[in-house]
Amino acid sequence: FDNVGLRYGNGPEILKDIDFSIEPGSFYFLTGPSGAGKTSLLSLMYLMRKPTRGEVTIYGHNTSTSSRDTLTSIRSRIGVVFQDYHLLPYLSVFDNVALPLRVAGESEASIKHKVTELLNWVGLNEHHVSPTTLSGGQQQTIAIARAVINRPQILLADEPTGNVDDKTAAKLLYLFIELNKRGTSVVFATHNQNMIEKYEYPRLHIKDGKLKVIKSQFLYMDEI
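Reading the values: rules and limits
- Residues numbered from 1 in each chain as written.
- Predicted model: local features only at pLDDT ≥ 70, side-chain atom pairs only at ≥ 80, totals over all residues.
- Heavy atoms only, no water.
- Core = buried A, V, L, I, M, F, W, Y, C linked by side-chain atoms within 4.5 Å.
- Buried < 20%, exposed > 50% of the residue type's maximum accessible area, 1.4 Å probe, protein only.
- Helix = DSSP H or I, 4+ residues; strand = E, 2+ residues; numbered from the N terminus.
- Contact = heavy atoms within 4.5 Å.
- Pairing = 2+ DSSP bridges.
- Axes fitted to C-alpha atoms, helices over the stretch in contact; angles between N-to-C directions.
- Salt bridge = Lys/Arg side-chain N within 4 Å of Asp/Glu carboxyl O.
- Polar contact = N/O pair within 3.5 Å; in protein donor to acceptor, adjacent residues only side chain to side chain.

**Student:** When you look at the nonpolar core in this model, what are you seeing that I'm missing?
**Tutor:** Most often, soluble globular proteins keep nonpolar side chains buried together rather than apart. With 39 residues, the main nonpolar core has Phe27, Val115, Phe176 and Phe188 as its most contacted residues. Where this core is concerned, the elements lending two or more residues are β3 (27–31), α3 (93–103), α4 (108–121), α5 (136–148), β8 (154–158), α6 (166–181), β9 (185–189) and α7 (193–198). With 7 residues, the single largest contributor to this core is α6. With sequence-adjacent residues up to four places away left out, Phe176 is seen in contact with Phe27, Val81, Ile144, Leu155, Ala157, Pro160, Val186 and Phe188. One finds Ile18, Leu47, Ile78 and Ile206 within the second-largest nonpolar core, a separate group that totals 27 residues.

As structure tokens, then:
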């Protein structure tokens with residue numbers, strides 16, 4: 001991000017003068033008060049929006065001037081997990097996770113192998129039930145599996161543990177940490193102070209539309 005600003009319509013800037021870069025294989029917590037602009041920042045990273053000013057460069061491409069095909073290729077290398085799962089209730093657990101592979105045109109034999117292996121790795125043994133029959137933590141695990149089935153280079157998570165208890169949140173974070181160890185860069189938005197203090201990951205902290213990279217282990221509660 002190089003001097004990036006973002007506003008909606010004619011309103012004030014939501015993000016102001018944002019400058020940072022993310023190295024391959026890194027892990028960042030994304031923090032800040034409610035309404036600070038965390039989701040807006042993630043939307044720029046996932047190419048759901050273009051900046052009002054400045055440049056967002058991903059994999060060497062300026063996202064404001066790249067072709068549609070280039071943007072599609074970039075998106076295929078980015079996984080996204082949302083707080084409210086975004087699962088399709090009329091599809092089974094297996095088919096929800098398989099969806100990105102089917103869209104990409106992979107063979108059913110390859111899909112069966114990859115999805116089964118991943119679901120077993122994340123501890124989901126109920127492959128052919130509707131996700132609506134499972135707990136919130138299990139549904140979020142499905143959403144994580146779907147986001148990483150294509151082995152993305154970047155994984156963005158927008159408050160993925162906001163709807164589960166602390167024990168389940170810890171289990172979900174473990175999945176992100178393990179994926180990071182395998183080479184995926186992770187940006188993990190959270191308000192969970194205990195989680196932030198437990199792990200010494202740097203933070204992208206947004207307040208009043210400004211972003212600061214924080215390396216220290218401690219943030220005051222009112223900043224989160």
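Moving on from the model shown.
**Student:** What's the story with the sheet that holds β9 in this structure? I'm lost.
**Tutor:** Pairing between the strands of a sheet is mediated by backbone hydrogen bonds and can be parallel or antiparallel. One open sheet holds the 6 strands; their spatial order is β7-β8-β9-β3-β10-β11, and the pairing between them is mixed. Looking along the sheet, the strands with just one partner apiece sit at the ends: β7 (78–82) and β11 (210–214). Across the sheet, the mean angle separating the axes of adjacent strands is 15° when strand polarity is ignored. As paired elements, β7 and β8 share 5 bridges and run parallel to each other. Its bridge partner being in β8, Val81 is matched across the sheet by Ala157.

**Student:** Can you help me understand the pattern of salt bridges in this one?
**Tutor:** A side chain of one charge can pair with a side chain of the opposite charge if their charged atoms are brought near each other. The full count for this structure, using the stated rule, is 7 salt bridges. In this structure, the salt-bridge partner of Asp95 is Arg102, at a minimum N-O distance of 2.9 Å. Looking at Asp95, the relative accessible area reads 23%, which means it is partly exposed. Two residues, Glu178 and Lys181, come together in a salt bridge whose shortest N-O distance is 3.3 Å.

**Student:** Hey, could you run me through the side chain of Thr141 in this one?
**Tutor:** On the secondary structure map, Thr141 appears in helix α5. The buried category is assigned to Thr141, whose relative accessible area is 8%. When sequence neighbours within four positions are dropped, the list of residues in contact with Thr141 reads Val122, Leu124, Leu172 and Leu175.

**Student:** How should I be thinking about the environment of Ile111 in this particular structure?
**Tutor:** Summarising the element assignment, Ile111 is placed in helix α4. Separated by 22 residues in the primary sequence, Ile111 and Thr133 place their C-alpha atoms 23 Å from one another. Non-local contacts of Ile111, meaning those with residues more than four positions away in its chain, are made with Phe94, Ala98, Leu101, Arg102, Glu106 and Thr116.

**Student:** Hey, could you run me through the sheet that holds strand β4 (residues 53–55) in this one?
**Tutor:** Taken in spatial order, the 3 strands make up an open sheet running β2-β1-β4, and their pairing is antiparallel. Of all strands in the sheet, those bounded by a partner on one side alone are β2 (13–18) and β4. Averaged over all adjacent pairs, the angle separating strand axes in this sheet is 25°, with direction ignored. With 3 bridges joining them, strand β1 (residues 2–7) and β2 adopt antiparallel strand pairing.

**Student:** What is the right way to read the side chain of Thr184 from this model?
**Tutor:** Relative to the assigned elements, Thr184 resides in the loop between α6 and β9. Here Pro152 takes part through its backbone oxygen, which lies 3.2 Å from a polar atom of the side chain of Thr184. Leave out the neighbours within four places in its chain, and Thr184 touches Gly25, Ser26, Pro152, Gln153, Ile154, Leu155 and Leu179.

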